[in-house]
Amino acid sequence: MAYDQFKAQSRLPKFAVPKRYDVRLKPDLVACKFAGAVSIDIDVVSPTKFIVLNAAELNIDSNSVSFTPKSNSKELKTVGIGLIEEDEILVLEFPEELPGGIGVLQISFEGTLNDKMEGFYRSVYEINGEKKNMAVTQFEPADARRCFPCWDEPAAKATFKMTLDVPAELVALSNMPVVEEKQVGDLKTVYFEESPIMSTYLVAVVVGLFDYLESRTSDGVRVRVYSQLGKTSQGKFALDVAVRTLELYRKYFAVPYSLPKLDMIAIPDFAAGAMENYGLVTYRETALLFDEQHSAAVNKQRVATVVTHELAHQWFGNLVTMEWWTHLWLNEGFATWVSYLAADTLFPEWKIWTQFVDESTDGLRLDGLAESHPIEVEINHVSEIDEIFDAISYRKGASIIRMLQSYLGAECFQRALASYIKKFACSNAKTEDLWAVLEEESGEPVKKLMDSWTKQKGYPVVSVKIKDKQMELEQSHFLSSGSPGDGQWIVPITSCSGSYDARQSFLLQTNSETRDVKESAWIKLNVDQTGFYRVKYDENLSTKLRHAIEGNKLSETDRFGVLDDSYALCMAGQQQLVSLLTLMGAFREEFDYTVLSNLINISCKVARIIYDAAPGVIDNVNQFFISLFQYPAEKLGWEPRQGESHLNAMLRGELLMALAMFGHDSTLNEAIRRFDAFLADRNSLLLPPDVRKAAYVAVMRKVSKSNRSGFEALLRVYKETDLSQEKTRILGSLASCPDPDIVIEVLNFILTPEVRSQDAIIGLAISREGRETGWKWLKDNWDHISKVWGSGYLLSRFVSAIVSPFASNEKAKEVEEFFATRTKPTIARTLKQSLERIHINARWVQAVQKEEHLAQVVQELAHKK
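Nothing here was measured: the structure is a model prediction, and the numbers come from that model. (Residues numbered from 1 in each chain as written. Predicted model: local features only at pLDDT ≥ 70, side-chain atom pairs only at ≥ 80, totals over all residues. Heavy atoms only, no water.)

> Looking at this structure, how should I read the pairing of strand 13 (residues 178-184)?
Put simply, side chains in a regular strand alternate between the two faces of the sheet. As defined by bridge partners, strand 13 adjoins strand 14 (residues 187-192) across six bridges and the pair is classed as antiparallel. Bridge pairing in strand 14 places Val184 opposite Leu187. Taking the residues between adjacent antiparallel strands as the criterion, strand 13 and strand 14 are bridged by two residues, where Gly185 takes a positive phi near 65 degrees. (Pairing = 2+ DSSP bridges. Helix = DSSP H or I, 4+ residues; strand = E, 2+ residues; numbered from the N terminus.)

Here you go:
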């Protein structure tokens, strides 16, 4: 077959390129179908009888397909049409070679408004108790082809003229403002302005019943937040953040926002957190709407950082676009980093750069796996793209940008970004293009420095010891498994000796180096955690740092760093658990949100490992952890104080939830008392939004097969509430029940229509006691789960959430055998990473079993006053 030459290629052939699309769509919201026609101006750049473009799950009307060259206006019909399903391409064969230059390709087609949250899909909402469909698009990474035939690659930029035929009473939105509407009977045709040049994955359409709030920036950009009827007031916070953020980015990037309007819209069924479609940004409700009375401080911060992230993309991604998915991190790493910059300017009291270490830690945790991947990863087939929307592209990406900014200086970095955006506006760029601009601006060897961070996976651990007034440094590839790795990096080292005034910084370019150092009370490397690496101190330096933490001599980020590195080294078998626990004991008077939040996460993980390794000491371990969190929890209490900080509001909920998980009786009893008051009156001040999830977890920790009333009460609240954030708080609490019989009921509940498919993974926070039950449930329901969630990234979350917590090599073998015949490209990488995590846990359990003094140390820590 002549078409075989086009099969199994990673990219489309380059003999014709699109310049302009005229797309007309007519969605039928009752039958869940759509009809469409596209007319594409293409430039034939080399001789061909074929036109090859992307199309998937569309029925092409073969009689409608034609090509008309502008030069002679002679319409050519096809002699053959091939739809190659596995490659999602449409091959059009013409009777003769197409003349070079511009011509118009016309295609009519039909498709289904699917329920998979990708392409052109339907989302369900309720109006006065009646269920209705809305039509929504989600095209990133490669699903515009499910809506209309197109060159669905980021570098194939073109302009788009959209037209929609929709029921007259509905709102129709696209990237650009409406030019005119014409109504005939019950239908209206909505014509939109033609867009600037852009990539297909950023095209967007939404059709449904919405209300909106509106504001304008000082340079006249119209900004709206659309939501379901009755939820308009919940868009106020996001609207304010958006207007201020557009103003901020205009100054920072020295380029104005490039469209006349910006719409942000909350979609009830939405797979990701949000999507930066040019001029029409779509969000999950939880990432855009904020209810003053029932949302928590953590929800407020989530809305702000997601809005600032998506609006950063309007420059980084939309105006300047990555050339291919290999460079996805340029989009996501930058938007993540810039969103913190914006949030810090808008809300300095949130100490958001201190919280940024959470992003770095997520990146370090994933990148400590042998099954990680480099920031720049070759993408050879479209099915591989989804899996790289992960902590490497986003969080490691953002972290190395912060590391580079810290090395080059903020002003130089900002100037370089502004010139990069000017230089590549309305076109595409690769990682090397950014390095070249930064090099020119700074005079530093940026490419050489950064290649070691983007082209190879992993990161170093820098070991440090003092010998004869000399600081000896050595770098090696860090792996959580404890295995040796073979990477080498150019590491920007910063260090402080005894005070933050005594700093030095240099590049470690070889495996080891020696530096002169003065005698001091303590030495801390990677000051403020701006570098993407771990530090291992010798015993003497570790003890000094522990005393510095007890004496409150270190900044929040440095306290966080010492703790997190110690935890990682302990997991990798490079340090004993007793030394990690002793270090944790130095945080008894800790009160910083970010540090305590990480201390809680580490405690939960350590408790699970000890439960598997030495169940005899678990009561003392729980007692020790309770003693760590009781002091700050008692200081904060259950109810908000007048004028208290945003961070304390977030901290209160996390501390109380930790105390509930570790079985602190008075917290459990108080939570249940307050929950009962909340059941009697949903507006009760006894259960403010910030502590609701903690109370729900406490309720579920007390539920059992013979005492189900708390579980049933929570399900009632879930079904009655209209607030997505309340639903997710409840879903995230239900499976924390210690009774496996209840856990299985919860897991079956998340598969029912009561739970939107986007939210099911939130229900997978399963208690340690329910671990085995969760695995059996996953196996029993795999065919169904794989069918419903099989096409996007959500399926991989089922695998990682249920498989990763195990800690025995036998279990890893069992998991491997089960998936041997059931794997698919969308979960391949996640499955390997989850299996590696089981092996790491198993090795850690074996190491802990060999520690002689564990019981004695835990006993002392638990009873230390």
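> Honestly, helix 11 (residues 556-571) in this entry has me stumped. Any pointers?
Residues lying three or four places apart along an α-helix face the same way, a consequence of the helix completing one turn every 3.6 residues. With 16 residues, helix 11 extends 23 Å from end C-alpha to end C-alpha; this agrees with the ideal 22 Å at 1.5 Å per step. With respect to burial, helix 11 is a largely interior element, 15 of its 16 residues being buried. The positive-phi residue at the C-terminal boundary of helix 11 is Gly573, with phi of around 75 degrees. (Expected span 1.5 Å × (residues − 1). Buried < 20%, exposed > 50% of the residue type's maximum accessible area, 1.4 Å probe, protein only.)

> For this particular structure, what's the right way to read empty space enclosed by the protein?
In this approach the atoms are scanned with a rolling probe the size of a water molecule, which exposes any empty space left behind. Inspection of every chain in the model, using the stated rule, returns six cavities of 30 Å³ or more. In this structure, the largest cavity spans a volume of roughly 200 Å³. Lining the largest cavity are 19 residues, and of these Gln9, Ser10, Asn54, Asp87 and Arg145 lie nearest its centre. Along the lines of polarity and charge, the residues of the lining of the largest cavity split into nine nonpolar, five polar and five charged. Estimated volume of the second largest cavity: approximately 80 Å³. The wall of the second largest cavity is formed by 14 residues, among which Ser360, Thr361, Leu364, Gln529 and Gly531 lie closest to the centre. (1 Å grid on protein atoms, 1.4 Å probe; cavity = no way out; pocket = protein on both sides within 12 Å on 5 of 7 lines; lining within 4 Å. Points joined across faces, edges and corners; volume = space filled by probe spheres on them. Nonpolar A, V, L, I, M, F, W, Y, C, P; charged D, E, K, R; others polar.)

> Got a minute to help me understand the state of the cysteines in this structure?
By definition, a disulfide is the covalent link that joins the sulfur atoms of two cysteine residues. This model, assessed by the stated rule, comprises zero disulfides. Note on Cys426: no disulfide assigned, nearest cysteine sulfur contributed by Cys150 at a separation of 20 Å. Classification of Cys426 by relative accessible area gives partly exposed; the value is 37%. Looking at Cys604, it has no disulfide partner, and the nearest cysteine sulfur is the one in Cys570, 16 Å off. (Disulfide = S-S within 2.5 Å.)

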